Amino acid sequence: MKNSSYQHCSLCGRKCSTDRTGLNGQTGFCGMNDSLRLAWAGLHFGEEPPVTGEGGSGTVFFSGCTLGCPFCQNYQISRQGMGRDITAREFLVLVRRLKKAGAENLNLVTPSHFIPSLAEILPEVKALGLPVVWNSSAQESAEALEKIFPLVDIFLPDMKTLDSRVAERYYRYKKYPRIARSSIEEMVRRKPLVFDERGVMTQGVLLRHLVLPGELESTREVFAWFSANLKDRALLSIMSQYTPVTSPEYPEIEPSRYLSEDEYDKVTDMLSEYDLEEGFIQEWITGSDWLPDFNNPNPFSSELSRKIWHWGDGSPE
């Protein structure tokens, strides 16, 4: 039976109202219908230490995305739809394989557009004893978030920007800051930080912010908000990995513009200014050699990951 929550879809802030049940062959803004579609599952050792732990994060990459960043490093699956449709039973097979391989948690990457399906599956995941990590762009609707709060232990939301101008320029989505801020503040309220004896997160919020070249004032605004509202209640992780993988619809974004070393230094100074030195920050890097390629059985460096399943492998069973 089709899940009625996919009809007139309002799972994310865009509320495109598409009937995603597949009856008319329609897909939402996310590019997906109501079939769970995955691209890769495996142990990931490149997440922040409280999430990675010793065994690695049991990461599952979903196809499609509700935000559509023009510079998305995972554009093959987020924008081009690469992946394989799977059943709830096959999903649970993958989860069991990840647990057997030693995963510290189940890390769901860009899962927001599949909330109705996951709300039905995650109670069985919880019975397996793995903490559930929700890794998203933080622009789920309030109604959709309410469905998963009891089922998720750790939230890894992005805060892209609090500047509506930046949101409009890069995401064609002026109201993103309002939605993301509200979602993240509710996540922090509902999920206080909890760590085990090893310092691995078992509950809480780790907020990520990607620094955009030429938009340091947008980053400053995020730091000021975090310092005033979330400091000591959530973890902060700063990402410097902006890579200009652009779409033709965004001709104004420079195709060769990376974060400069001077900009990176200014960001680290800002962290000191707002007394936010207890979090995480990526090393400064440029270039695209590290970008994942989901055509490969393991899209990531073998030092950072261990493949459990790839969309080209066939059924996970």
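Anything mentioned here points back to the structure above.
Structure report, in brief. What you see is a predicted model; the values in this text were computed from it and never measured.

Here we come to the overall build of the protein. Within the protein, the secondary structure is distributed over 9 helices and 11 strands. Taken against the 2.2 N^0.38 rule, which gives 20 Å for 317 residues, the C-alpha radius of gyration of the protein at 19 Å falls within 12% of a compact globule. Projected onto its principal axes, the C-alpha positions of the protein cover 55 × 45 × 40 Å. Among the 317 residues that make up the protein, the fraction classed as buried is 56%. Roughly 13,500 Å² of accessible area belongs to the protein as shown, and the carbon and sulfur atoms make up 47% of that amount. Computed over 34 positive and 43 negative side-chain charges, the separation of the two mean positions in the protein equals 7 Å.

All right, on to the side chain of Gln76 then. Counting through the fold element by element, Gln76 comes out in helix H2 (residues 75–78). Contacts of Gln76, omitting those with residues within four sequence positions, involve Gly81, Met82, Pro292, Asp293, Phe294 and Asn295.

Let us look at the pairing of strand S9 (residues 235–239). Within S9, 5 of the 5 residues are buried, leaving the element largely enclosed by the surrounding structure. Here strand S8 (residues 201–210) pairs with S9 via 5 bridges, running parallel. Bridged to Leu206 within S9 is Leu235. What joins S8 to S9 is helix H8 (residues 216–229), and the crossover it makes is right-handed. Relative to strand S10 (residues 280–281), S9 runs parallel, the two sharing 2 bridges. Looking at S10, one finds that Ile238 is bridged to Ile281.

Let us now look at the pattern of salt bridges. Any two side chains of opposite charge can pair, on the condition that their charged atoms come close. Using the criterion set out here, one finds 20 salt bridges in the structure. The residue Arg169 makes a salt bridge to Glu215 at a minimum N-O spacing of 3.3 Å. Of this pair, Arg169 sits in helix H6 (residues 164–171) while Glu215 sits in the loop between S8 and H8, and the two are 46 residues apart along the sequence. For Glu215, a relative accessible area of 7% translates into the label buried. Notably, a salt bridge pairs Arg220 with Glu273, separated by 2.9 Å at the nearest N-O pair. Here Arg220, found in helix H8, pairs with Glu273, found in helix H9 (residues 261–273); they are 53 residues apart in sequence, far enough to count as distant. Sharing partners across several salt bridges, the network here consists of Glu146, Glu186, Arg189 and Arg190.

So, on to the pairing of strand S5 (residues 132–136). Most of S5 is tucked away: 5 of the 5 residues are buried. Neither face of S5 is open: one carries Val132, Trp134 and Ser136, the other Val133 and Asn135, and all of them are buried. Following the chain from strand S4 (residues 106–109) across helix H4 (residues 115–126) to the adjacent parallel S5, one finds a crossover that is right-handed. Relative to strand S6 (residues 154–157), S5 runs parallel, the two being bridged by 4 bridges. In the sheet register, Ser136 faces S6, and the bridge partner there is Pro157. For the segment spanning S5, helix H5 (residues 142–148) and S6, crossover handedness is right-handed.

Cut-offs applied
- All residue numbers here refer to positions counted from 1 along the written sequence of the relevant chain.
- For a predicted model such as this one, the threshold for reporting local features is a pLDDT of at least 70, and the threshold for listing and counting side-chain atom pairs is 80 or more; totals across whole chains, interfaces and linings nevertheless cover every residue.
- Side-chain metrics rest on all non-hydrogen atoms present in the structure, leaving aside hydrogens and water.
- Each helix is a run of DSSP H or I of at least 4 residues and each strand a run of E of at least 2, with the numbering of both proceeding from the N terminus.
- Our radius of gyration is a C-alpha quantity, and the globule rule it is checked against amounts to 2.2 Å times the number of residues to the power 0.38.
- We call a residue buried when its accessible area falls under 20% of the maximum for its residue type, exposed when it is over 50%, and partly exposed in between, using a 1.4 Å probe and counting protein chains only.
- The method behind every accessible area is Shrake-Rupley, applied with a 1.4 Å probe, and residues are considered shielded solely by the protein chains displayed.
- Under the convention used here, Asp and Glu are negative, Lys and Arg are positive, and both His and the chain ends fall outside the count.
- Note on charges: their place is set at NZ of Lys, CZ of Arg, CG of Asp or CD of Glu.
- We call two residues in contact when some of their heavy atoms are within 4.5 Å.
- Note on pairing: two strands pair once DSSP finds at least 2 bridges between them.
- If the strands point away from the viewer and the path from the first strand over the helix to the second runs clockwise, then the crossover is right-handed.
- By definition, a salt bridge exists where a carboxyl oxygen of Asp or Glu is found within 4 Å of a side-chain nitrogen of Lys or Arg.

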